[in-house]
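# A structural walkthrough
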Amino acid sequence: GEWRLLVGALDDDLLAAVSGAPAVRIGGGEVGGGAYFRKDYEVFKKMGARKVGFLAALADAAPAGIWVCDADMVWLRPPPAELVHRAALAGGDVLLSTDCLDLRGDERGECGATANFNTGVLFVRKTARARRFLGAWAAKMEAARPEPWLDDQAVFNELVRDGFAQSGGGASRLYSAAGDTVTVGLLPLALVANGHTFFVQHRCAFCQPHCECDDPLPLAVHTTYQYGDAAEFAYGKRARLQQAGLWRADDGGGAAERFLAVRE
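Everything numeric in this text was worked out from a predicted model, so none of it was measured.

### Re the pattern of salt bridges
One pass over the full model with this rule turns up 11 salt bridges. The partner of Arg-173 in a salt bridge is Asp-106, and the shortest N-O contact between them spans 2.8 Å. Separated by 67 residues along the polypeptide, Arg-173 in the loop between strand E7 (165-167) and strand E8 (174-177) and Asp-106 in helix H3 (residues 103-107) bring together distant segments of the chain. Residues participating in the shared-partner salt-bridge network are Lys-51, Asp-70 and Asp-152.

### Some details on the pairing of strand E3 (residues 66-69)
The two faces of E3 differ: Ile-66 and Val-68 on one face are buried, but Trp-67 and Cys-69 on the other face are not. Here 4 bridges tie E3 to strand E6 (residues 117-124), and the two strands are oriented antiparallel to one another. Paired with Val-68 across the two strands is Leu-122, which belongs to E6.

### Re the state of the cysteines
Across all of its chains, the model carries 2 disulfides by this definition. Cys-100 shares a disulfide with Cys-111; S-S distance 2.0 Å. As the torsion about the S-S bond is roughly -40 degrees, the Cys-100-Cys-111 disulfide counts as left-handed. You can see Cys-100 sitting in the loop between strand E5 (94-98) and H3 and its partner Cys-111 sitting in the loop between H3 and E6, a full 11 residues away along the chain. A relative accessible area of 9% places Cys-100 in the buried class. The class for Cys-111 is buried, based on a relative accessible area of 4%. Here Cys-204 connects covalently by a disulfide to Cys-213, the sulfurs 1.4 Å from one another. A torsion of 45 degrees about the S-S bond marks the disulfide between Cys-204 and Cys-213 as right-handed.

### Quick word on the sheet that holds E6
On the basis of which strands lie adjacent, the open sheet formed by 6 strands has the order E3-E6-E5-E9-E8-E7 and mixed pairing. The sheet is open, and its two edges are formed by E3 and E7, each paired on a single side. Looking at each pair of strands side by side, their axes are set apart by 35 degrees on average, direction ignored. Lying over the sheet, helix H5 (residues 152-161) contacts E5, E6, E8 and strand E9 (182-186), oriented at roughly 70 degrees with respect to E6.

Rules behind the numbers
- Residues numbered from 1 in each chain as written.
- Predicted model: local features only at pLDDT ≥ 70, side-chain atom pairs only at ≥ 80, totals over all residues.
- Heavy atoms only, no water.
- Salt bridge = Lys/Arg side-chain N within 4 Å of Asp/Glu carboxyl O.
- Helix = DSSP H or I, 4+ residues; strand = E, 2+ residues; numbered from the N terminus.
- Buried < 20%, exposed > 50% of the residue type's maximum accessible area, 1.4 Å probe, protein only.
- Pairing = 2+ DSSP bridges.
- Disulfide = S-S within 2.5 Å.
- Axes fitted to C-alpha atoms, helices over the stretch in contact; angles between N-to-C directions.
- Contact = heavy atoms within 4.5 Å.

Everything listed is a geometric property; what it means functionally is a separate question.
Pasting the structure below:
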């Protein structure tokens, strides 16, 4: 429809593959050689550094705020423009998704204290504080310690948790973060779902578009808590999306059709 989309491609093959959409090459040289590199921690960290640098540059160039999403998520519908201007989120320079599992607790504003923040779905508002935060994140990525777990998301969480404190009290979704240099907001878990709250908890996850359901679906689904994405496995994230009718597979949706046939 009226989306303005930009794909950041890590290698030339991907850049060519998405030639039907606006795309730019991120950085120079190959990252991972086109292979699955999630468990190659050095390469994965390099990918994270490029991603963060790309976001910092994009935030400078974009005329307004930007939604940022990884490749392992889907939008079920475009995010409404009013979402980021709601009173509970309007003061946030950066709006975050979380790995929280408690939908009711999230509604009460209880997820911020313990949940891991996820970099797979973000909204970055065009503010000076957001831009400085992205610069600080990029700098911390470049200087990240060699621990294998210290990827872009772990560095992000370390940065955000510095001086992390709720603003406004009660069920406020806004927090002072990163040494009081930025205000972050937590996107509602009911709207930006993770792999557990959608695929496990939502009773209509595997209904669409094959049945009617009164429970509202989220805006977005990020396939966290899903595993087995190397070639020798079943491509777990992709198969999970196929089963839910949210992925147009190369094989014409065979995985989803087989799942539905077994269920029926």
